[in-house]
Amino acid sequence: KQGYSVEIITLTSDKTFTFDINPMIKISSATISAGGNNFQKIWMIPIRLWRIRRAVLISNPDVILSMIDITNIMTILATIFNRIPVIVSERTNPNLARIPLIWRLIRRFAYTLATAVVVQTSIAERYFRDWRLKEIKVIGNPVLPIPISSPLVLERPAIIYVARLSIEKRHLYLLDCFHLLSQRFSDWHLHIVGDGPARSSIYEKIEYLGLSDRVTLHGAVSNVNVFLKSADIFVSTSEYEGFPNSV
């Protein structure tokens, strides 16, 4: 809207997004297979770097903005020597986020090559303070006004948890807690919003605890604010966060 040309390069062939994307934004893909065993994953690393570099050269941007730790590392390494400024953003708490040791060691070197590192909190900034980075900035997530809309008809009283379905969000712990509470509060209903790799294990846990009629998995939604507005209680059992959007 301000006259800048924006392109999103995804690392998957899936170009579907949960949220609406401005039609003026170009979407392209540097398709990357996750690989199978550890040997295949190691073999895929130089291929990943080459595909990212090729996508960047085709795009020919004035500046690159990368998100999330391992993607940040690969983006920096893939664009070495092409003199395009690279700004990387850490989207979680680096003190607690688990990435393999080899990636942590490479990150220590790679981030010194970045034009700037963006973090979400002063705690994250302190983690990187002694890394001799060119520049580090703390930029928290925006707090957006909730649009006026009609609330959803949820099974009530409604408890809601909005988070990616991944192990660090501790959905299984939440289900154990809700199972205990449900024996006392038989009319409460738990609504889980989000999607991710732990979906199947969460579904199995719901079945195992006999909560199929008390817990609803809504998947990824674009109207998170409406879900939050419609609930009675918001909960979070996440082991760690960067700057939680849902909160």
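This text goes with the structure placed above it.
The rules behind each value
Residues numbered from 1 in each chain as written. Predicted model: local features only at pLDDT ≥ 70, side-chain atom pairs only at ≥ 80, totals over all residues. Heavy atoms only, no water. Helix = DSSP H or I, 4+ residues; strand = E, 2+ residues; numbered from the N terminus. Buried < 20%, exposed > 50% of the residue type's maximum accessible area, 1.4 Å probe, protein only. Contact = heavy atoms within 4.5 Å. Areas by Shrake-Rupley, 256 points an atom, 1.4 Å probe, with all protein chains shown as cover. Lys, Arg positive; Asp, Glu negative; His and termini not counted. Charge placed at Lys NZ, Arg CZ, Asp CG, Glu CD. Polar contact = N/O pair within 3.5 Å; in protein donor to acceptor, adjacent residues only side chain to side chain. Core = buried A, V, L, I, M, F, W, Y, C linked by side-chain atoms within 4.5 Å. Phe/Tyr/Trp six-rings, centres within 6.5 Å; stacked < 30°, edge-to-face > 60°. Lys NZ or Arg CZ within 6 Å of the ring centre and 35° of its normal. Expected span 1.5 Å × (residues − 1). Arc of directions from axis to C-beta. Patch = residues over 30% accessible without salt bridge, like charges linked within 9 Å, V, L, I, M, F, W, Y side chains within 5 Å. Salt bridge = Lys/Arg side-chain N within 4 Å of Asp/Glu carboxyl O. Pairing = 2+ DSSP bridges. Axes fitted to C-alpha atoms, helices over the stretch in contact; angles between N-to-C directions.

So, the overall build of the chain
Right, so step 1: Check the secondary structure of the chain and you find seven helices and 10 strands.
Right, so step 2: Along the three orthogonal principal directions, the C-alpha set of the chain runs to about 60 × 45 × 35 Å.
Right, so step 3: For the chain, buried positions account for 36% of its 247 residues.
Right, so step 4: Counting contacts in the chain only where the partners sit at least 6 residues apart, residues at least 24 apart contribute 61% of the total.
Right, so step 5: As presented, the chain carries roughly 15500 Å² of accessible surface, and 57% of it is formed by carbon and sulfur atoms.
Right, so step 6: When the 28 positive and 20 negative side-chain charges of the chain are each reduced to one mean point, those points stand 9 Å apart.

Observations regarding the environment of N22
Right, so step 1: Checked against the element boundaries, N22 lands in the loop between β1 (7–10) and β2 (26–29).
Right, so step 2: For the pair formed by N22 and K1, sequence separation is 21 residues and the distance between their alpha carbons is 9.6 Å.
Right, so step 3: At 2.8 Å, the side chain of N22 forms a polar contact with the backbone nitrogen of M24.

Brief notes about the nonpolar core
Right, so step 1: Ranked by size, the top nonpolar core spans 21 residues in total, and within it I76, V88, Y111, V117, F128 and L133 carry the most contacts.
Right, so step 2: The set of elements that each furnish at least two residues to this core consists of α1 (38–59), α2 (69–78), β4 (86–89), α3 (101–110), β5 (116–119) and α4 (122–128).
Right, so step 3: Among the elements that take part in this core, α2 stands out by supplying four residues, more than any other.
Right, so step 4: In terms of nonpolar packing, the next biggest core, distinct from the first, is built from 17 residues, L175, F178, L190 and V235 among them.

Some points on the packing of aromatic side chains
Right, so step 1: Considering all chains together, one arrives at five aromatic pairs under this definition.
Right, so step 2: Arranged with centres 5.8 Å apart and planes meeting at 40°, the rings of Y111 and F128 form a pair that is tilted. Of the two residues, Y111 is situated in the loop between α3 and β5 and F128 in helix α4; the sequence distance between them amounts to 17 residues.
Right, so step 3: Centroid distance Y127 to W131: 5.7 Å. Interplanar angle 50°. Geometry classified as tilted.
Right, so step 4: By relative accessible area, Y127 is classed as partly exposed at 26%.
Right, so step 5: Ring-pair connections join several aromatic residues into one group, and the members of that group are Y111, Y127, F128 and W131.
Right, so step 6: R170 extends its terminal NZ or CZ atom over the ring of Y173, reaching a point 4.8 Å from the ring centre.

Things to note about helix α5 (residues 171–182)
Right, so step 1: Taking 1.5 Å of rise per residue, 12 residues should cover 16 Å, and α5 covers 16 Å from first to last C-alpha, within 8% of that figure.
Right, so step 2: Looking at α5, one finds that the buried residues are H171, L174, L175, F178 and S182. Summarising the axial view, the buried residues of α5 lie within an arc of 100°, below the 170-degree limit, and thus occupy one face.

Quick word on a nonpolar patch on the surface
Right, so step 1: A cluster of nonpolar residues, L65, M67 and I68, forms a patch on the protein surface that exposes about 290 Å² of accessible area.
Right, so step 2: Within the secondary structure, L65 sits in strand β3 (residues 64–67).

Examining the sheet that holds strand β6 (residues 136–138)
Right, so step 1: Reading across from one edge, β3-β4-β5-β6 is the order of the four strands in this open sheet, with parallel pairing throughout. The sheet is open, and its two edges are formed by β3 and β6, each paired on a single side. Strand-to-strand, the axes of this sheet are offset by a mean angle of 20°, without reference to chain direction.
Right, so step 2: As paired strands, β3 and β4 are joined by four bridges and run parallel to one another. Its bridge partner lying in β4, S66 is registered against V88.
Right, so step 3: Where α2 meets the sheet, its contacts fall on β3 and β4, and the angle it forms with β3 comes to roughly 150°.

Shape is all these values report; function is a separate question.
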